[in-house]
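# Close look at the chain arrangement
Residue-level listing of the chains:
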Amino acid sequence: MGVNKKVNREDVHQFVTEDLISKIAGEQEALKKLKFTHAVSTLTNPVSIRAKKRDVARLMTELSNRKKENKA
């Protein structure tokens, strides 16, 4: 998933829980790399950090909702 592609809610619903967990890990790793690159040198698009944070938040929200559904 590129930096400019936003994670859609419909796309997130289609992921299996295991895929969702691995996707979260991958996105968090990409976010760390972006932050490190931004700290070392300037990014051409620093807004990409904000977009990546929001993508991670969308994925984590979906995972949290699934955990709540399983408990109920």
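Relevant structure appears above.
## Quick notes on the nonpolar core
Counting residues in each nonpolar core, the largest one holds six residues, listed as Val7, Val12, Leu20, Ile24, Leu59 and Leu63. Those elements that provide at least two residues to this core are helix 2 (17-40) and helix 3 (47-71). Non-local contacts of Leu20, meaning those with residues more than four positions away in its chain, are made with Val12, Phe15, Leu59, Glu62, Leu63 and Arg66.

## Observations concerning the side chain of Asp55
As for its placement among the helices and strands, Asp55 is situated in helix 3. Accessibility expressed as a relative area gives 2% for Asp55, which makes it buried. Here the side chain of Asp55 touches Arg58 through a polar contact of 3.0 Å, side chain to side chain.

## Concerning the environment of Thr17
With respect to the helices, strands and loops of the structure, Thr17 is situated in helix 2. The exposure class of Thr17 is partly exposed, given its relative accessible area of 33%. Residues Thr17 and Arg66, 49 residues apart in the sequence, show an inter-C-alpha distance of 8.1 Å. If sequence neighbours within four positions are ignored, Thr17 has contacts with Leu63 and Arg66.

The rules behind each value
- Residues numbered from 1 in each chain as written.
- Predicted model: local features only at pLDDT ≥ 70, side-chain atom pairs only at ≥ 80, totals over all residues.
- Heavy atoms only, no water.
- Core = buried A, V, L, I, M, F, W, Y, C linked by side-chain atoms within 4.5 Å.
- Buried < 20%, exposed > 50% of the residue type's maximum accessible area, 1.4 Å probe, protein only.
- Helix = DSSP H or I, 4+ residues; strand = E, 2+ residues; numbered from the N terminus.
- Contact = heavy atoms within 4.5 Å.
- Polar contact = N/O pair within 3.5 Å; in protein donor to acceptor, adjacent residues only side chain to side chain.

This is a description of form; function is not addressed.
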